[in-house]
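# Residue-level structural notes
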Amino acid sequence: MINSMLMWVIVAAPDGGEPSFSIAKMMAIIVSAIFINNYVLSRFLGICPFLGVSKQLDSAVGMGAAVVFVMVLATLGSWLVYHNLLVPHGMEYLRTITFIIIIASLVQLVEMILQKFSPALYDALGIFLPLITTNCAILGVAVLNIDDKFTLGYSLINSVAAGIGFTLALVLMAGIRERMETADVPEALKGLPLAFLIAGAMSIAFLGFAGLGG
Amino acid sequence: MIILAAQMTLVLVAQQETSILSAITGPVIVMGSIGLLLGLGLAFAAKKFAVPKDPRVEAILEVLPSANCGGCGYPGCAAFAIAVVEGNTAVTGCTAASSAVNSEIAKIMGTVAEEKEKMVATILCNGGKSAVNAFNYNGPSGCVSISMVMGGQKACTYGCLGSGDCIDACPFDAMVTGDNGVPVIDAKKCVACGKCIEACPRDIIVLWPSSRKVVVACSSKDKGGIARKACSVACIGCRKCAKVCPVDAVEIDGFLAKINPDKCINCGLCASECPTGAIIDGIPVRPKAFIDTTCIGCTLCTRVCPTDAIEGSLKEKHTVIADKCIGCGQCVEKCPKKSIKMMGGVLSQQ
């Protein structure tokens, strides 16, 4: 089983995808996930933590790290289950619900293991870890990996890049919002209304990356 | 492992040939087995990776007010609960907790909570509209902003600026702007968390024992004349209150009277004596002393009465002159036969 897993990672998808691993495609996936199709600012996934945890730079970085961590695990788990259990039995339509329970239990498991073996990291991630269960960007990555017919290796790369893209958006947002705290803005725009406007402006700015992929 | 087990069950199902039934049972079994295995896995992991946690933390967290006000000095109620269990803070450390909650926490910890006087935030200024403006302020609102412009728009540089920073800071909605522009604190809602004290740029809010109803509502350290010109209800340091106080609870610090809450007996004499009205008496109707028939006429009460409200000669039953009695209760304490009782009265304005 480990051997076959390695084969997927290095070589190809079992359902007859591209046979070899290309650096060019890897770079394309990374640039796409971080900038062009940024999960928050272009695909509008994971908006809840994007607005909820972007008040302070510290917590934004913490949340971003936790999301990268869980995204990779969720991709691994969901990809393996999809290609080994659902596809062989023609049950692809069970994808969404299966992925949801896999992600939910993975987060739980990760939380328990972290609490046991790395209390420092557990304390640092704090409330963000359980919050990730309901982060639709995680499910989004898992589902889009399947839609794009990525191999396991590409899927993992895509999930890391998506997590980095999420972190980037969150950190940028937190940086702007920290400055806005002290800025003299109209009373009615203070707080969340301004955050929405900033998010919109950032999304437009990220639209500028659209030509990057060619 | 999960995948292998699920596959095995599925192979068994597949052997029973296809029908509508199997079209339903297949997915049900797949989902069921995934759910079951993940559930069992989690249950196993919960046991295997269990971190021993003190159940008292949860128990304490349950009885705490959960306002996360930070009045205890810890970041939130959960951190406070952990600190209590670890013995880093007293069981009565939560400022927002009632004494019932405190004793409950003490019960969880297996100790007894010491009764603590309930404190209430009190603003030592009643200036508001009585305080003269030195100039017109048109800048951004907020006491901090106002105080940064030439020491605020009020002629008095000690008093309340009236922009309500403390009201905004109060997590319990215990403060509202009063009729004269100075915030009013609802003693029932106030839990003495100290957020308003931090927010006030003038430092004129203190935690005052709730049982002490007489307060010098002024913080001006200016000389009498200057203070009076800036505000009609300022303390001018005339010392009348200190002279009239039967228990020496009033101390004059420079040109400002201060009541020592440990000594004060709520008699309100100072408030009635104050020429500017700087001392606020929070008791609208005071109880009156009554002497019953067990009085032996020892005259101890007449000697202790600050207003000479008790009359009667030696060895005869004494009586109280109701008009003169201010309900301070000093005679009740002194009476050797416990013949004096306080009757009537309303203890607070609410």
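Anything mentioned here points back to the structure above.
What counts, and where the lines are drawn
- Residues numbered from 1 in each chain as written.
- Chains lettered and ligands numbered in written order.
- Predicted model: local features only at pLDDT ≥ 70, side-chain atom pairs only at ≥ 80, totals over all residues.
- Heavy atoms only, no water.
- Contact = heavy atoms within 4.5 Å.
- Buried area = accessible area lost by both parts, 1.4 Å probe.
- Salt bridge = Lys/Arg side-chain N within 4 Å of Asp/Glu carboxyl O.
- Polar contact = N/O pair within 3.5 Å; in protein donor to acceptor, adjacent residues only side chain to side chain.
- Axes fitted to C-alpha atoms, helices over the stretch in contact; angles between N-to-C directions.
- Helix = DSSP H or I, 4+ residues; strand = E, 2+ residues; numbered from the N terminus.
- Parallel < 35°, antiparallel > 145°, perpendicular 65-115°, else oblique.
- Left-handed = near helix turned anticlockwise from the far one by under 90°.
- Nonpolar A, V, L, I, M, F, W, Y, C, P; charged D, E, K, R; others polar.
- Buried < 20%, exposed > 50% of the residue type's maximum accessible area, 1.4 Å probe, protein only.
- Phe/Tyr/Trp six-rings, centres within 6.5 Å; stacked < 30°, edge-to-face > 60°.

### Brief notes about the interface of chain B and chain A
- Each partner contributes to the interface: chain B provides 20 residues, whereas chain A provides 21 residues.
- Around 1,800 Å² of area is buried between chain B and chain A when both sides are counted, 85% of it from carbon and sulfur atoms.
- Summed over the shared surface of chain B and chain A, the result is 0 salt bridges.
- Our count for the chain B to chain A interface comes out at 0 residue pairs in polar contact (both at pLDDT 80 or more).

### Thoughts on the packing of helix H4 (residues 57–86) of chain A against helix H8 (residues 136–147) of chain A
Residues and elements named next belong to chain A.
- Viewed as axis vectors pointing N to C, H4 and H8 meet at an angle of 40°, and their least axial separation amounts to 9 Å. Judged by the inter-axis angle, H4 sits oblique to H8. The two elements H4 and H8 cross, and the hand of that crossing is right-handed. Where H4 abuts H8, its residues Val-67, Val-70, Met-71, Ala-74, Thr-75, Ser-78, Trp-79, Tyr-82 and His-83 lie against Ala-137, Ile-138, Val-141, Ala-142, Asn-145 and Ile-146.
- Of the residues in the contact of H4 with H8, the class split is 11 nonpolar, 4 polar and no charged.

### Quick word on the pattern of salt bridges
- If you walk through the whole model with that rule in mind, you get 4 salt bridges over all chains.
- A salt bridge links Glu-187 of chain A to Lys-190 of chain A, with the shortest nitrogen-to-oxygen separation between them at 3.5 Å.
- For Glu-187 of chain A, a relative accessible area of 63% translates into the label exposed.
- Residue Asp-253 of chain B is joined to Lys-258 of chain B by a salt bridge in which the shortest nitrogen-to-oxygen separation is 3.3 Å.
- What makes Asp-253 of chain B partly exposed here is its relative accessible area of 44%.
- With a relative accessible area of 38%, Lys-258 of chain B lands in the partly exposed category.

### Considering the environment of Val-132 of chain B
Residue and element names in this part refer to chain B.
- Within the secondary structure layout, Val-132 lies in the loop between strand S1 (119–123) and helix H6 (143–148).
- We classify Val-132 as partly exposed; its relative accessible area is 40%.
- The spacing of Val-132 and Ser-232 is 100 residues in sequence and 8.3 Å in space, taken between C-alpha atoms.

### What about the packing of helix H5 (residues 95–117) of chain A against H8 of chain A?
Residue and element names in this part refer to chain A.
- For the pair H5 and H8, the least separation of the axes is 10 Å and the interaxial angle reads 135°. Compared by their axis directions, H5 and H8 come out oblique. Along this stretch, H5 crosses H8, giving a crossing that reads as right-handed. Between H5, through Arg-95, Thr-96, Phe-99, Ile-100 and Ile-103, and H8, the contact on the second element is made entirely by Ile-138, Leu-139, Ala-142, Val-143, Ile-146 and Asp-147.

### What about unusual backbone geometry?
Residues and elements named next belong to chain B.
- Notably, Asp-203 is not glycine yet its phi reads approximately 60°, a positive angle.
- Phi angles above zero are rare outside glycine, and Asp-308 is one such case at about 50°.
- Structurally, the position occupied by Asp-308 is in the loop between helix H12 (300–304) and strand S10 (310–311).
- For Asp-308, a relative accessible area of 51% corresponds to the exposed category.

### Description of the packing of aromatic side chains
- This structure, assessed with the given rule, holds 6 aromatic pairs over all chains.
- With centroids separated by 6.2 Å and ring planes inclined at 70°, the aromatic side chains of Tyr-82 of chain A and Phe-99 of chain A adopt a geometry described as edge-to-face. Residue Tyr-82 of chain A is found in helix H4, and its partner Phe-99 of chain A is found in helix H5; the two are separated by 17 residues along the sequence. The two residues Tyr-82 of chain A and Phe-99 of chain A agree in class, both being buried.
- Look at Phe-117 of chain A and Phe-49 of chain B: their rings are 5.6 Å apart centre to centre, the planes differ by 75°, and that puts the pair in the edge-to-face class. Here the residue Phe-117 of chain A occupies a position in helix H5, and Phe-49 of chain B occupies one in the loop between helix H2 (20–48) and helix H3 (55–63), the pair thus bridging two chains.
- Ring pairs connect the aromatic residues Phe-35, Phe-206 and Phe-209 of chain A, which therefore count as one cluster.

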